[in-house]
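# What the coordinates show
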Amino acid sequence: MLRTERAESPSTGTVTMVLVDDRTYEIHPEARDFSLHLQARGRSPHTRRNYLPQVGRYLNWCSTRGTDWRTAALGDLAWYKLSLEQTPVRDTQQLPTGKTANAHLSTVCEFLRFSAAQGYIPQEVAERLVEPRLLHHAPRGYQRGEHGEHSTIRARILKAPEIEEAPATLTA
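Summary of the structure given here.

Thresholds applied
Residues numbered from 1 in each chain as written. Predicted model: local features only at pLDDT ≥ 70, side-chain atom pairs only at ≥ 80, totals over all residues. Heavy atoms only, no water. Helix = DSSP H or I, 4+ residues; strand = E, 2+ residues; numbered from the N terminus. Contact = heavy atoms within 4.5 Å. Areas by Shrake-Rupley, 256 points an atom, 1.4 Å probe, with all protein chains shown as cover. Lys, Arg positive; Asp, Glu negative; His and termini not counted. Charge placed at Lys NZ, Arg CZ, Asp CG, Glu CD. Buried < 20%, exposed > 50% of the residue type's maximum accessible area, 1.4 Å probe, protein only. 1 Å grid on protein atoms, 1.4 Å probe; cavity = no way out; pocket = protein on both sides within 12 Å on 5 of 7 lines; lining within 4 Å. Points joined across faces, edges and corners; volume = space filled by probe spheres on them. Nonpolar A, V, L, I, M, F, W, Y, C, P; charged D, E, K, R; others polar. Core = buried A, V, L, I, M, F, W, Y, C linked by side-chain atoms within 4.5 Å.

### Thoughts on the overall build of the protein chain
Scanning the protein chain from N- to C-terminus turns up 5 helices and 4 strands. Oriented by its inertia axes, the alpha-carbon framework of the protein chain measures out at about 55 × 55 × 35 Å. Counting only contacts in the protein chain whose residues sit at least 6 apart along the sequence, the fraction spanning at least 24 positions is 49%. Of the roughly 11,300 Å² of accessible surface on the protein chain, 52% is carried by carbon and sulfur atoms. A distance of 3 Å separates the average location of the 22 positive side-chain charges in the protein chain from that of its 20 negative side-chain charges.

Take a look at the structure:
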């Protein structure tokens, strides 16, 4: 199983988050590169501290199921999404909200897209995560192109429903 650890470079003193195997203490190389990528893009330390455990949860889930994370099918990712939605949050023992599950899925999708761009996984794995959708209502000023070639967007396939509670109403 992988767990998140704080790592400091002995030469530069730079701090980054890494995933390590809890038995061998080997660093997961792709997750380390992802963390460094986030750092190079100027993502905040708070973001990196939140992303790595989410990536670790996905990698641990794949390992537990015997699924190779590098070739996970869309069905496997759908099972992972369901697992996220049905696993209570450790502190509160309540099920996560749709927003929480979607934030987690966004992190995993970003990790998989990064891995595909680096050649760690086949490009098809990352391409499965989005599908073209017709843009029905374009924002003001959006240019669809001369022949409507920009009328489609690439939307995520896996998304948990986000149910917002109605605002409380005032009584008489």
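Next comes the rest of the write-up.
### Comments concerning unusual backbone geometry
A positive phi angle, near 60°, is found at Tyr25, a position not held by glycine. Following the sequence through the fold, Tyr25 ends up in the loop between strand 2 (15-21) and helix 1 (29-40). For Tyr25, a relative accessible area of 54% translates into the label exposed.

### Structural notes on the layout of surface pockets
One number sums up the size of the largest pocket: a volume of about 670 Å³. Every residue lining the largest pocket is counted, 22 residues in all, and those nearest its centre are Pro53, Gln54, Arg57, Arg90 and His104. For the lining of the largest pocket, the secondary structure elements donating two or more residues are strand 1 (2-8), helix 2 (45-65) and helix 4 (98-118). A total of 7 residues in the lining of the largest pocket trace back to one element, the largest contributor, which is helix 2. Tallied by class, residues from the lining of the largest pocket come to 9 nonpolar, 8 polar and 5 charged. Approximately 240 Å³ is the volume found for the second largest pocket. As for the second largest pocket, its lining consists of Met1, Leu2, Asp21, Arg23, His28, Pro29, Glu30, Leu59, Asn60, Ser63, Trp69 and Arg70. Among the elements of the structure, helix 1 and helix 2 are those that each provide at least two residues to the lining of the second largest pocket. With 3 residues, helix 2 is the largest single contributor of residues to the lining of the second largest pocket.

### Brief notes about the nonpolar core
Tyr58, Leu59, Trp69 and Leu112 are the most contacted members of the largest nonpolar core, which totals 30 residues. Going through the elements one at a time, strand 2, helix 1, helix 2, helix 3 (74-86), helix 4 and helix 5 (123-127) are the ones with two or more residues in this core. In this structure, Leu112 is in contact with Tyr58, Trp69, Leu77, Ile121, Ala126 and Leu129, ignoring residues within four places of it in sequence.

### Observations regarding the environment of Cys109
Following the sequence through the fold, Cys109 ends up in helix 4. Exposure remark for Cys109: the relative accessible area of 5% places this residue in the buried category. On a C-alpha basis, the gap between Cys109 and Arg43 in space is 16 Å, while along the polypeptide they are 66 residues apart.

### Topic: empty space enclosed by the protein
According to the stated counting rule, one finds 1 cavity of 30 Å³ or more in the structure shown. Here the largest cavity defines a volume of roughly 30 Å³. Every residue along the wall of the largest cavity is listed here: Leu77, Tyr80, Leu105, Val108, Cys109 and Leu158. Counting only elements with at least two residues in the lining of the largest cavity, the list comes to helix 3 and helix 4.

### Points about the side chain of Asp33
Of note, Asp33 is situated in helix 1. Dropping the residues within four chain positions of it, Asp33 is found in contact with Phe114 and Tyr120.

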